[in-house]
Each structure stands twice: as C-alpha cells, then as structure tokens.
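Observations on chain architecture
Chain by chain, the residues run as shown.
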Amino acid sequence: MSARFIWLVSLVLATGLFIALGLFWRSESDLEVTHHDMRGPSQATSFRVVQLSDLHMQRFGEAEKAIVAQVQTLKPDLVVLTGDAIDRADALPVLKDFLAALGTIPVVAVPGNWEHWSGADFPALVTLFADQPNGRFLLNERVSFTSAERKIHLIGLDDFTAGQPDAQLLLTAPSDDVTVLVQHSPGFFDLPKVNRRMDQQRLSLCLSGHTHGGQVTIGGWAPFRPVGSGRFVAGFYDVPGCRLYVSKGLGTSILPLRWGAAPEIPVFDL
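Described in the following lines is the structure provided in the data block.

**Description of the overall build of the protein**
A tally of helices and strands in the protein yields six helices and 12 strands. Buried positions account for 50% of the 270 residues belonging to the protein. A fraction of 75% describes how many contacts in the protein between residues 6 or more apart in sequence connect residues 24 or more apart. In the form shown here, the protein has an accessible surface area of approximately 12,700 Å², with 57% of it arising from carbon and sulfur atoms.

This is the structure we're talking about:
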C-alpha cells in the first residue's frame, strides 16, 4: 500500500468527518435571533414577544441552556412556545426543567403534532404550565397579558396536523388592542374556511412553526417539509386577516441534523 494511497484515504475520511461535524454539530453561536418591530407610529412602548418553536426536547443539556440564556438577554414580556416542545411522552420532566430555568418570564404554549403523536399527557401539560408564573397551555382558548400598560390578547389553537383547532375562535377576536393568533402547523392558513373567517378580522400577528424551515435546504430550496406545512417554509407571509410568521424552530425531527436552516429565535416588538 503506497504512501500516496494512504494519504488519499486519510484525506477522504477527514473530509467526511468534517462534513459530518458540520451537519450534526450545533453550538450557541448557531442560534439566529431575528428582530421584528411591528409597532404602530403611536406606540412608543413595546410589548416584546419571543417565539420558541419546535424545541423537540429530550434532555435539558447545553443547547437548551444556551436557548434559555439567549431568551433572558432579550428581556421578553412573554415567551410563546408554538408547538412540538417535546416529542416523547416521558419528556415532561425535561420541559419542567426548561420552564423553571426561564424563571418568572410568562410563558404560553400551544400543542404541536408531536405532543399528540407521542401520547403526551395533556392534563399534565396544563398543570405544568399553570405552575409557572403566568404560564398557560392553550388548547383552543384565549388569554390576555398586560405589561407596561400595554395589553395583548392571545388566541391559542390546537394543532392543525394532528389535533382539532377550533376555527370558531377566529370570529371572537377583538378589533382593538394587540391580538396574536398562535397555531403550530401553517397549512391551517391555507384552508378556505379559515380564509373566510380570517377575512373578517384584522389580527396583529399570527405565529406558526412546524416546518423547521425545511431543516435541510439546498440554496434556500427546502425539498422536504412535514405534512401540514402547506405552501409555507419560513418567515413572513401575508394571509387573510394577518401577517403570518413561520419560525424555523430550534430542534430537529426524524434526522438529527440541520443544513441551511439555522435554529431561530424570532423576537417581535408589538
């Protein structure tokens, strides 16, 4: 076996290892924080909402601690978990540790498809969030928050892909103040009945996740997205009744890798 052949094999193996590390490794610096100022001209004081989507937590490790640290530096008035916080029924203690680490920041969550598919204990989820300061797990419900004399209304719907979102709640949205609709799977916003009801409203913001921004993209093209994504990939979309933001999320599903779709923490000043 010649020295040149050994060198070539070593080069190929090293290149393969480098690519594998690039695919699988995720550090604190990978977190992409996107800021979106959506205040009107008369609104000097903002209500800051931080969206955390698709955490898919199975442990409370360094990646999760980095997310908590980043959220705390952003000083939000409210954190919204837009589904798939966990994808295993036995991960409730992990979610509890994550929420405890966030401290006194109010946290609201809606379910994603994986909370349904994993058989997660929904009454336990309701209790878990209720035990947090100003925490709520919303399953086709509305809730309001006030901070610095600013009021925000949230409509939290069940997941479109695996649950039963109550579109009737869209007809009860208030016409004043700031109103945010939260629903995990963005394909919901392609439904004709949803479009008809949303046409009668003007919501401040709609939030979804689910797509992971494609999770693996090639030059911005996302060849694979989960069922329930509809036409959506990531970022802002104009849909009837509101501006929809689809987060790329933070975790991974099926394959433990991201490529071309960095984990994202969106921040909204409303």
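**Digging into the state of the cysteines**
A covalent bond between the sulfur atoms of two cysteines is what we call a disulfide. Inspection of the entire model under this criterion finds one disulfide. A disulfide bridge connects Cys-206 with Cys-242, and the sulfur atoms are separated by 2.1 Å. As the torsion about the S-S bond is roughly -125 degrees, the Cys-206-Cys-242 disulfide counts as left-handed. Here Cys-242 lies in strand β11 (residues 242-246) and Cys-206 lies in strand β9 (residues 205-208), a separation of 36 residues in the sequence. A single burial state applies to Cys-206 and to Cys-242, both of which are buried.

**Observations regarding the packing of helix α2 (residues 62-74) against helix α3 (residues 92-102)**
Orientation of α2 relative to α3, taken along the N-to-C sense of each, is 30 degrees, at an axis distance of 9 Å. It follows that α2 is roughly parallel to α3 by the angle criterion. When the axes of α2 and α3 are compared, the crossing they make is right-handed. For the pair α2 and α3, contact is made by Glu-64, Ile-67, Val-68, Val-71 and Gln-72 and by Phe-98, Ala-101 and Leu-102, respectively. Residues that form the contact of α2 with α3 fall into these classes: six nonpolar, one polar and one charged.

**A closer look at the nonpolar core**
If you look at the biggest cluster of nonpolar residues, it comprises 32 residues, and the most contacted ones within it are Leu-52, Leu-81 and Leu-95. Counting residues per element, this core draws most heavily on α3, at six residues. In contact with Leu-52, not counting residues within four places along its chain, are Ile-67, Val-71, Val-79, Val-80, Leu-81, Thr-82, Phe-98, Leu-250 and Ile-265. Listed in part, the 19 residues of the second largest apolar core include Val-49, Leu-78, Ile-152 and Leu-154.

**A look at empty space enclosed by the protein**
Applying the stated rule across the entire model yields one cavity of 30 Å³ or more. Volume-wise, the largest cavity comes out at about 40 Å³. Grouping the amino acids of the lining of the largest cavity by side-chain chemistry returns eight nonpolar, one polar and one charged.

Criteria and cut-off values
- Residues numbered from 1 in each chain as written.
- Predicted model: local features only at pLDDT ≥ 70, side-chain atom pairs only at ≥ 80, totals over all residues.
- Heavy atoms only, no water.
- Helix = DSSP H or I, 4+ residues; strand = E, 2+ residues; numbered from the N terminus.
- Buried < 20%, exposed > 50% of the residue type's maximum accessible area, 1.4 Å probe, protein only.
- Contact = heavy atoms within 4.5 Å.
- Areas by Shrake-Rupley, 256 points an atom, 1.4 Å probe, with all protein chains shown as cover.
- Disulfide = S-S within 2.5 Å.
- Axes fitted to C-alpha atoms, helices over the stretch in contact; angles between N-to-C directions.
- Parallel < 35°, antiparallel > 145°, perpendicular 65-115°, else oblique.
- Left-handed = near helix turned anticlockwise from the far one by under 90°.
- Nonpolar A, V, L, I, M, F, W, Y, C, P; charged D, E, K, R; others polar.
- Core = buried A, V, L, I, M, F, W, Y, C linked by side-chain atoms within 4.5 Å.
- 1 Å grid on protein atoms, 1.4 Å probe; cavity = no way out; pocket = protein on both sides within 12 Å on 5 of 7 lines; lining within 4 Å.
- Points joined across faces, edges and corners; volume = space filled by probe spheres on them.

Limitation: the analysis is restricted to geometry and does not speak to function.
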